[in-house]
Amino acid sequence: MATAGALAVSSAGTSSAAPQSPGTGSGSLDSGSLEGLDPGSLESLGFGSLDLLFGPRPPVQPCNQQTESGGQGVTETRHTLGRNGPTAFTLDYETVNQPDRIQVFYQGRLIQDTGYVGDNINEGTGSVRVVVPPGVQSEVVVTVTGPEDGTVWRYTVRCPD
């Protein structure tokens, strides 16, 4: 089993990453595996950035600030809520005229999924109440999957009440 002294950490800044499953990591140490551990939980324990072990983390954005379209593909953004779970917040979204999928993850677990929403009829305008279960983190990761070229979307993670 690895100890805190055996882990190499980096103080590198946060950057955008290639598509990956939120809250999961890959890689291992010779004396033990880190598979399935959430980098945010380890960082909150004082390990600093674990980009070397888990890869870069998605960019961070405060709640109540609109996130604009990242285009075709999968876009990940971390949103600070200002408190850990349990809590709840509203996710407002607009996927315009091409279907996009919005998923919300907390501590690596899916807690909300809009499915593919948006077309020329209803333009994917909506909102959903997201219930965050008990936990230690004060942020969620939102992924938007835009499968078609030219997709346009925007959403806002509202601060908890």
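You'll find the structure just up there.
This report concerns the structure included in the present document. Keep in mind the model is a prediction, meaning the values are calculated, not measured. (Residues numbered from 1 in each chain as written. Predicted model: local features only at pLDDT ≥ 70, side-chain atom pairs only at ≥ 80, totals over all residues. Heavy atoms only, no water.)

A few points about the pairing of strand β11 (residues 154-157)
A regular strand carries its side chains on alternate faces of the sheet.
(1) Moving on: As paired strands, strand β4 (residues 66-68) and β11 are joined by 3 bridges and run antiparallel to one another. Bridge pairing in β11 links Thr67 to Tyr155.
(2) Moving on: With 4 bridges joining them, strand β6 (residues 87-94) and β11 adopt antiparallel strand pairing. For Glu94, the partnering residue across the bridge sits in β11 and is Arg154. (Pairing = 2+ DSSP bridges. Helix = DSSP H or I, 4+ residues; strand = E, 2+ residues; numbered from the N terminus.)

Overview of the nonpolar core
(1) Moving on: The biggest cluster of nonpolar side chains holds 17 residues, and the ones touching the most others in it are Phe89, Leu91, Val104, Val140, Val142, Tyr155 and Val157.
(2) Moving on: For this core, the secondary structure elements donating two or more residues are β6, β7 (100-106), β9 (125-132), β10 (139-146) and β11.
(3) Moving on: Setting aside chain neighbours within four positions, we find Val157 in contact with Cys63, Asn64, His79, Leu81, Phe89, Thr90, Leu91 and Val142. (Core = buried A, V, L, I, M, F, W, Y, C linked by side-chain atoms within 4.5 Å. Buried < 20%, exposed > 50% of the residue type's maximum accessible area, 1.4 Å probe, protein only. Contact = heavy atoms within 4.5 Å.)

Considerations on the sheet that holds strand β8 (residues 109-117)
(1) Moving on: Strand order in the open sheet made by the 5 strands is β3-β5-β10-β7-β8, with mixed pairing throughout. Two strands lie at the open edges of the sheet, namely β3 (60-62) and β8, each paired on one side alone. On average, each strand axis in the sheet is tilted by 25 degrees relative to the strand beside it, whichever way the strands run.
(2) Moving on: Relative to strand β5 (residues 73-80), β3 runs parallel, the two being bridged by 3 bridges. Bridge pairing in β5 places Gln61 opposite His79. (Axes fitted to C-alpha atoms, helices over the stretch in contact; angles between N-to-C directions.)

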